[in-house]
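Fold and contact review
For reference, the chains in residue letters:
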Amino acid sequence: MERFMMFNDRPIDPFLVMQLADLARTLARRPDMTVEFAAHSGMHPVKPTVYVSQFWDVYPPKEKETAMKSDVALRVIGTRRHTDLAAVRAFRQAAEAHPWPKLAKQLFSLAEDLRVEALCERERPGVKRWFRTRRRLYRRYFTQQWQANQTRGAAADQFLAAMYLRLTADSPLDDVPLAPMADETVQARLDALWPQWFDAMSTADTARWALAIVALMEEALAGDMVNAYISLPFVDDGDDEPKVMVRDLKRVDPLENRDVAENPSNGKAHQEVLSTWHRETSRPNGNFLRFELERGTRTGMLGDGARPGDDGDQALAIVQGMSQPAKRNEYGLEAAAAFQEHRLAGGGAPYGEANRQAAIIVFSSPPPSRDERDEYRSKQAAAAPYRKRLVRVMEQWLEHQRSTWRTNLPAGRLRKQLIPFFTDERPHLFYKKGEPARRFNAAFGLLVDCSASMHDKMDETKTGLVLCHNVLQTLRVPHQIVGFWEDANEATAARQPNYLQVAVSFRESLNPSSGPAIMQLEPHEDNRDGLAIRWMTEQLLRRPETQKVLLIFSDGEPAAYGYEQNGIIDTHEAVAEARRRGIEVVNLFLGRGADDESTRRTIENIYGRFRVFVPQVSELPDRLLPLLKTWLQKSL
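A brief report on the enclosed structure follows. (Residues numbered from 1 in each chain as written. Predicted model: local features only at pLDDT ≥ 70, side-chain atom pairs only at ≥ 80, totals over all residues. Heavy atoms only, no water.)

Helix and strand content of the protein chain: 16 helices and 14 strands. Taking all 636 residues of the protein chain together, 46% fall into the buried category. In the protein chain, once contacts between residues fewer than 6 apart in sequence are set aside, the share between residues at least 24 apart is 72%. (Helix = DSSP H or I, 4+ residues; strand = E, 2+ residues; numbered from the N terminus. Buried < 20%, exposed > 50% of the residue type's maximum accessible area, 1.4 Å probe, protein only. Contact = heavy atoms within 4.5 Å.)

Turning to the packing of helix H1 (residues 14-28) against helix H2 (residues 61-82), a few remarks are in order. Two elements in contact, H1 and H2, have axes whose closest approach is 10 Å; the angle formed by their N-to-C orientations is 25°. With respect to H2, the axis of H1 lies roughly parallel. Judged by the sense of rotation from one axis to the other, the crossing of H1 with H2 is right-handed. Residues Leu16, Gln19, Leu20, Leu23, Ala24, Leu27 and Ala28 of H1 pack against Lys64, Glu65, Met68, Lys69, Val72, Ala73, Val76, Ile77, Arg80 and Arg81 of H2. The class makeup of the residues in the contact of H1 with H2 is eleven nonpolar, one polar and five charged. (Axes fitted to C-alpha atoms, helices over the stretch in contact; angles between N-to-C directions. Parallel < 35°, antiparallel > 145°, perpendicular 65-115°, else oblique. Left-handed = near helix turned anticlockwise from the far one by under 90°. Nonpolar A, V, L, I, M, F, W, Y, C, P; charged D, E, K, R; others polar.)

Attention now moves to a negative patch on the surface. Among the surface-exposed residues, Asp183, Glu184, Glu218 and Glu219 lie close enough to one another that they form a single negatively charged patch. Secondary-structure assignment places Glu184 in helix H7 (residues 184-193). (Patch = residues over 30% accessible without salt bridge, like charges linked within 9 Å, V, L, I, M, F, W, Y side chains within 5 Å. Areas by Shrake-Rupley, 256 points an atom, 1.4 Å probe, with all protein chains shown as cover. Salt bridge = Lys/Arg side-chain N within 4 Å of Asp/Glu carboxyl O. Lys, Arg positive; Asp, Glu negative; His and termini not counted. Charge placed at Lys NZ, Arg CZ, Asp CG, Glu CD.)

Here we come to a nonpolar patch on the surface. Together, Leu414, Leu418, Phe421 and Phe422 make up a nonpolar patch on the protein surface, roughly 460 Å² of accessible area in all. Structurally, Phe421 is set in helix H11 (residues 419-423).

Turning our attention to the sheet that holds strand E3 (residues 49-53). Strand order in this open sheet of three strands is E1-E3-E2, and the pairing throughout is mixed. Since the sheet does not close on itself, it has two edges, and those belong to strand E1 (34-38) and strand E2 (42-43), each with one partner. In this structure, E1 lies alongside E3, joined through five bridges in parallel fashion. When the sheet's bridge partners are listed, Thr34 is paired in E3 with Thr49. (Pairing = 2+ DSSP bridges.)

Most of strand E13 (residues 583-590) sits out of view: eight of its eight residues are buried. Taking every second residue as pointing to the same face, both faces of E13 are buried, with Ile583, Val585, Asn587 and Phe589 on one and Glu584, Val586, Leu588 and Leu590 on the other. Taken together, the seven bridges between strand E12 (residues 547-554) and E13 define a ladder with parallel strand orientation. Paired with Leu550 across the bridge in E13 is Val585. Bridge analysis of E13 against strand E14 (residues 611-614) gives four bridges, and the strand direction is parallel. When the sheet's bridge partners are listed, Leu588 is paired in E14 with Val612.

This next bit is on the pattern of salt bridges. Per the stated rule, a full pass over the model turns up 25 salt bridges. Lys64 is the salt-bridge partner of Asp57, the closest N and O atoms lying 3.5 Å from each other. In terms of burial, Asp57 and Lys64 fall into one category: buried. The salt bridge partner of Arg81 is Glu123, with a shortest N-O separation of 3.4 Å. Here Arg81, found in helix H2, pairs with Glu123, found in helix H4 (residues 101-123); they are 42 residues apart in sequence, far enough to count as distant. When its relative accessible area of 40% is taken as the criterion, Arg81 is described as partly exposed. Judged by its relative accessible area of 38%, Glu123 falls in the partly exposed class. Ionic contacts of the salt-bridge type, sharing partners, join the residues Asp71, Glu117, Glu121, Arg134 and Arg135 into one network.

Right, let's talk about the packing of aromatic side chains for a bit. The tally for this structure, following the rule as stated, stands at 18 aromatic pairs. Taking 6.2 Å as the distance between ring centres and 80° as the angle between the ring planes, the aromatic pair formed by Phe363 and Trp485 counts as edge-to-face. In this pair, Phe363 sits in strand E5 (residues 358-364) while Trp485 sits in strand E10 (residues 479-486), placing the two residues 122 residues apart along the sequence. For Phe363, a relative accessible area of 1% translates into the label buried. On the numbers, 6.5 Å between centres and 75° between planes, the contact of Phe363 with Tyr499 is edge-to-face. Here Phe363 is found in strand E5, whereas its partner Tyr499 is found in strand E11 (residues 496-504), with 136 residues between them in sequence. In this pair, the class of Phe363 matches that of Tyr499, namely buried. Through a chain of ring-to-ring contacts, the aromatic side chains of Phe55, Trp56, Tyr59, Tyr138, Tyr141, Phe142, Tyr164 and Tyr229 assemble into a single cluster. (Phe/Tyr/Trp six-rings, centres within 6.5 Å; stacked < 30°, edge-to-face > 60°.)

All right, on to the environment of Arg600 then. Looking at the element boundaries, Arg600 is found in helix H15 (residues 597-607). The sequence separation of Arg600 and Phe589 amounts to eleven residues, and the corresponding C-alpha distance is 9.0 Å.

Locating Glu219 in the fold gives a position in the loop between helix H8 (203-217) and helix H9 (333-337). Placed 33 residues apart in sequence, Glu219 and Val186 show a C-alpha to C-alpha distance of 9.2 Å.

Residues Phe142, Met163, Trp209, Ile213, Leu447 and Leu550 are the most contacted members of the largest nonpolar core, which totals 107 residues. If we ignore the near neighbours within four places in the chain, the residues touching Ile213 are Leu107, Phe159, Met163, Leu190, Leu193 and Trp194. Counting residues in each nonpolar core, the second largest holds 46 residues, with Cys450, Ile518, Leu588 and Leu625 among its members. (Core = buried A, V, L, I, M, F, W, Y, C linked by side-chain atoms within 4.5 Å.)

Interpretation in functional terms is not warranted from these geometric data alone.
Here is the structure:
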């Protein structure tokens, strides 16, 4: 399966993400600590979030892994404990008032990180090798930047690179010119000032040192820095992001003329194709999908009327009109009446921190049509040989359990052969009949990935679902079949609707008429696996049966809105939580991706050894039979 999103056009290694998350939680001693990727490393001042820099992506895998671990250790051990947030915020305000704020912020960040690195190595000697690799890579990079910026004439960037090389130099002979652009007086004062960094004992000391350095270089530099190499240790939401208000998206200047168009007598609207650029919109003043027309005629075409949406509409454009229901969500009156929406936003996150803004919408499948019933019967016929084989094996096994006598017992019924009474010193002459046949004490939950990538596998998957349903129904084992997906078109940062379509419920699973609704499961858009697994776990925990099994039919990694980075970890945590609560979770990986080594490794990281790879979906019935047999035997 193709991944849902690439960050900076590079795939995210889920195994590395899980390693970094485990490292952050261990060092912080907080189970809710999360790891996210960003342009620069940092620590969120409120949320338990560590930002790992993707600067390291260009390096070989071993160095990349070590450098990213150094990011986590630096922020969790150092920044979180030894960097004063109040001092950082005070420095930010002071730097904003300076003529060269970028240089001030980045010089302070580099110096504070180096100060904190020494504290981390003192508290945790085991991280020394990580920081050695970090400094070696940074020194190589800033050496290149010093030479490149000298050629480009970017004096501020060159000065920052030289300052890092001077602060991390291992030998007095390893020195680069700090400020070749300054005169001799400034250079002499700078040579006396920069070593004072080694005496800094707090964040406030580092801030004062950085401001003094930048104030000294103010006259020597012609401008501020061009590039951003590092950010402040604490990263607030929205830092350095342009804030676009609603008023910025609307017209703020009137037309130069006051002409008003009369309504045409025929009432017909004329369409014209307008260019998105012309002489009157050439000013780069932050326009956002709008025309800055200063001359024209006022019309009433965008009044109270509404128009239907069109495929050519801009995704982010602001249109005026009335919201209309989409036909693709019309599931019928019966299904609409069964909709239940559970909002997860709020103070807590019962379905995982990654799903805080998700909304679960549960609905039952509408009554199946004649075509769906016919298709179900054809799949029943295709799965009948497998069903009969497994049912016959299970019934024979049950009969063997019932009819087998236990002999050579010290108590029970007296046997007819009494020869051991004369030959054995301690004869066992009694037997007991087998116990009567028992019902299978198990409940099954079947989750079906209904994402768009399942379009070429859904038909064969339905055959496997029909096989499971018929076997469990024949053996009188309650079960539930649910398809899940996320609506990508409606997902926003504040709300991500996730639909759970109950094709077969626990209550109706043993009903002979249940089953045709399985044919209504169709591929839709995205999949948020961790959310669906936690929801089904709740349903299984309400069942009185002893043996509980959760079977997940999917074809790849989870992918949804804001889920591309932490989806792997969230799904792994959901699986671990379910297993801790006594539920057996097994993944059936469908499709050609099962042959890909990286994909197999990802699925193994999520589900452990409890996963079954099915490269050809047609092999699904053969893979299901031994699994069902094992679980049913364990339930007795």
